[in-house]
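Descriptive analysis of the structure
As a plain string of letters, each chain reads:
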2 protein chains.
Amino acid sequence: MVKIVVDAMGGDHAPGEIVKGAVDAVSRRDDIEVILVGRQDAVEKELDKCSCPKDRIRIVHASEVIETEEPPVNAIRTKKDSSIVVGMNLVKNGEADAFVSAGSSGAVLVGGQVIVGRIKGVERPPFGALIPTEKGVSLLLDSGANVDARPSHLVQFARMGSIYMEHVIGISRPRVGIVNVGAEEEKGNALVKETFPLLKACDDIHFTGSIEAREIPHGGADVIICEAFTGNVILKMYEGVASVLVDKLKEGLMSSMRSKLGALLIMPALKKTMKSFDASQYGGAPLLGLRGLVVKTHGSSKAIEVSNSIIQCVTFKEQEINEKIKASLLVPGKSANQE
Amino acid sequence: MVKIVVDAMGGDHAPGEIVKGAVDAVSRRDDIEVILVGRQDAVEKELDKCSCPKDRIRIVHASEVIETEEPPVNAIRTKKDSSIVVGMNLVKNGEADAFVSAGSSGAVLVGGQVIVGRIKGVERPPFGALIPTEKGVSLLLDSGANVDARPSHLVQFARMGSIYMEHVIGISRPRVGIVNVGAEEEKGNALVKETFPLLKACDDIHFTGSIEAREIPHGGADVIICEAFTGNVILKMYEGVASVLVDKLKEGLMSSMRSKLGALLIMPALKKTMKSFDASQYGGAPLLGLRGLVVKTHGSSKAIEVSNSIIQCVTFKEQEINEKIKASLLVPGKSANQE
């Protein structure tokens with residue numbers, strides 16, 4: 001039985017969609033127990049609307065909510081009775097295996113580090129974002145935690161990311177690429193030039209060299225390594241370019257009677273194809289390297305994304321990812337601390 | 001009369017499309033003189049195919065060609081009779097005002113710095129890429145020259161970019177944004193945090209603060225400032241995401257009889273809308289801060305892009321951009337070297 005804490009108060013559609021997602025997850029699999037953390041009355045009201053195996057879903061009350069715009073360090077320190085702090089303490093105290101939230105990324109990040117805590121030897125836990133590609137899905141990390149990461153951190157990201165993609169997503173020998181401005185080894189900024197030989201020397205990962213940003217949407221690597229500034233730019237460009245192109249497409253479709261008629265004809269096929277270009281089925285963004293799994297799902301997550309993120313935690317636990325991460329840090333002569 | 005050197009041997013479609021573009025430019029405007037640099041026989045052959053005002057277009061022979069994959073520093077040093085070196089020397093010696101090439105970016109960059117030379121006071125000349133947005137066009141710089149730029153460099157990029165957008169593209173009081181991971185002032189990596197207050201203190205530019213990558217395609221700023229590693233990632237993500245989405249769209253359109261019929265109906269409208277999302281009408285990427293204008297057009301440029309890049313040089317000269325750049329460096333107490 002895998003025990004998962006879900007932040008019932010986080011995200012644009014909390015608590016309704018979050019509770020629905022939790023109920024959906026326990027209905028889909030019978031090896032899951034969910035603890036919904038949030039305002040008892042609000043969560044109970046949502047839960048009463050659903051029919052579900054009540055013995056595997058319970059509420060833990062938390063009176064406060066951390067808002068997205070609050071400075072995260074301060075929020076974690078002062079809002080002791082917030083759903084994020086209360087929920088993460090359950091993981092810290094061993095009462096649960098994982099924590100899922102659609103709330104403030106900053107608070108989830110700070111709480112993960114301060115409350116749940118790092119695995120001994122992990123220097124900086126990175127956010128790993130699952131991004132859709134032409135070939136399926138890739139893991140981009142660090143996508144949000146460490147904007148000024150050092151080479152040794154990037155090496156650990158590569159190891160943890162490889163373990164995640166192999167054992168949670170099921171890609172054997174995942175290709176690891178470092179984001180760079182060209183394919184040649186001599187290219188790059190100071191960070192990349194210093195990190196490149198360290199990654200090349202790791203024989204426990206399948207390092208395939210530099211990856212230019214252009215190749216990311218084409219699925220040029222399974223694990224994409226960078227510091228979080230670049231990671232954020234990649235993630236946000238994905239969203240921005242896609243949204244502008246879809247707007248332009250709509251504008252084109254609505255511009256004449258002829259194109260409007262065409263739009264009616266193409267819509268079903270188009271929706272189906274575009275659905276294949278969506279990574280949310282794989283769950284949320286895992287914060288790797290903590291003594292318990294912390295998953296951040298998109299702020300706009302609906303029930304299905306929440307449910308998928310919960311299922312993702314089960315695989316993480318079953319595959320003993322944290323034990324594998326610990327083992328990777330112990331490989332003699334290959335410590336990422338060697339820098 | 002503006003004299004523009006065109007590298008007849010650079011790019012995927014050289015010399016044919018390059019020569020055609022040059023001929024088109026001199027036909028469009030009668031204040032342009034073009035010097036085509038390249039292999040006399042090859043260029044002459046192409047030129048003979050066109051009818052054009054022969055008195056304003058001439059050939060300067062250069063026996064060598066720098067290939068895209070050659071290490072640029074070495075190529076510029078050893079290939080003294082290459083079209084890039086010969087052409088840039090014409091600008092250096094005052095025989096021409098500008099140089100346009102669709103050839104090796106690296107060689108254009110190195111040649112620009114080593115042969116044409118920097119304006120006194122300019123620390124690092126940046127590549128400025130014109131990118132399409134929902135609202136029109138933005139200038140992204142540095143898009144390729146300085147991967148480990150410092151805060152003072154970024155301040156100069158902001159000043160030069162503002163001058164370019166105002167006087168070449170015609171946007172009054174261009175909004176300057178620095179690429180960041182969030183809109184709040186305390187966010188960012190070390191470089192951004194250090195640069196932010198310097199930009200805020202510049203009262204000769206219209207600094208609007210941080211811009212998240214998501215807002216770039218929406219036209220959130222007119223001048224987008226970052227070091228060239230981030231700039232390259234932004235540019236390449238643009239290309240990559242757009243190309244994958246267009247592929248997915250085509251796949252959807254071709255997936256059934258119904259959608260194929262729809263595709264026929266929407267195509268004309270779609271092509272028209274997508275054409276509005278294209279920055280090539282504004283010319284190529286200017287390398288700013290040199291003692292003559294150097295413009296790099298895309299390697300895949302056809303005649304129209306070459307022609308637009310040549311016209312862009314005329315505006316640059318007419319608007320006395322370099323004089324304006326020099327003046328901006330002299331504003332007392334606001335030197336970008338103050339760091």
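See the structure above.
No experiment lies behind these values; they were computed from the predicted model shown. (Residues numbered from 1 in each chain as written. Chains lettered and ligands numbered in written order. Predicted model: local features only at pLDDT ≥ 70, side-chain atom pairs only at ≥ 80, totals over all residues. Heavy atoms only, no water.)

1. Looking at the interface of chain A and chain B
Of the residues lining the interface, 54 residues belong to chain A; the matching set on chain B comes to 54 residues. Interface area, chain A with chain B, both sides summed: about 4900 Å², of which 73% is carbon and sulfur. Interface area lost by chain A to chain B is led by F229, M237 and K248 of chain A, which between them contribute 14%. Counting every contact that joins chain A to chain B gives four salt bridges. One salt bridge in this structure joins E212 of chain A and K236 of chain B, with 2.6 Å as the shortest N-O distance. At the boundary of chain A with chain B, the tally comes to 12 residue pairs in polar contact (both at pLDDT 80 or more). Only β7 (175–180), α7 (190–200), α8 (228–253) and α9 (257–275) of chain A provide two or more residues apiece to the side of chain A that touches chain B. Considering each element in turn, the side of chain A that touches chain B owes the most residues, 22 residues, to α8 of chain A. (Contact = heavy atoms within 4.5 Å. Buried area = accessible area lost by both parts, 1.4 Å probe. Salt bridge = Lys/Arg side-chain N within 4 Å of Asp/Glu carboxyl O. Polar contact = N/O pair within 3.5 Å; in protein donor to acceptor, adjacent residues only side chain to side chain. Helix = DSSP H or I, 4+ residues; strand = E, 2+ residues; numbered from the N terminus.)

2. Let's talk about the relation of the copies chain A and chain B
For these two chains of identical sequence, chain A goes onto chain B by a turn of 180 degrees and a shift of 0.0 Å along the axis, with RMSD 0.0 Å. Accordingly, the operation relating the two chain copies is best matched by a two-fold axis. Closest approach to the rotation axis within chain A is made by the C-alpha atom of G262 of chain A, at a distance of 2.0 Å. Most of the interface of chain A is mirrored in chain B, where 100% of its interface residues are also at the interface. (Least-squares fit on C-alpha atoms with pLDDT ≥ 70 in both.)

3. Overview of unusual backbone geometry
P15 of chain B follows A14 of chain B through a cis peptide bond whose omega is -5 degrees. Relative to the elements of secondary structure, P15 of chain B occurs in the loop between β1 (2–7) and α1 (16–28). The omega angle of the peptide bond from L141 of chain B to D142 of chain B is 15 degrees, so this bond is cis rather than trans. Take D142 of chain B: it is sitting in the loop between β6 (136–141) and α6 (151–169). Unusually for a residue other than glycine, E320 of chain A sits at a positive phi of about 50 degrees. By secondary structure assignment, the location of E320 of chain A is in the loop between α10 (303–318) and α11 (321–330). For E320 of chain A, a relative accessible area of 46% gives the class partly exposed. (Buried < 20%, exposed > 50% of the residue type's maximum accessible area, 1.4 Å probe, protein only.)

4. Quick notes on the pattern of salt bridges
When the charged atoms of two side chains with opposite charge come close together, those side chains can pair. Residue and element names in this part refer to chain A. If you walk through the whole model with that rule in mind, you get 24 salt bridges over all chains. Taking the shortest distance from any N to any O, the salt bridge between R29 and E318 comes out at 3.1 Å. Placement of the pair is R29 in the loop between α1 (16–28) and β2 (32–38) and E318 in helix α10, with a sequence separation of 289 residues. A residue is classified by how much of its surface remains accessible, and E318, at 46% relative accessible area, is partly exposed. The salt bridge partner of K79 is E70, with a shortest N-O separation of 2.8 Å. The pair K79 / E70 is uniform in exposure class, with both members buried.

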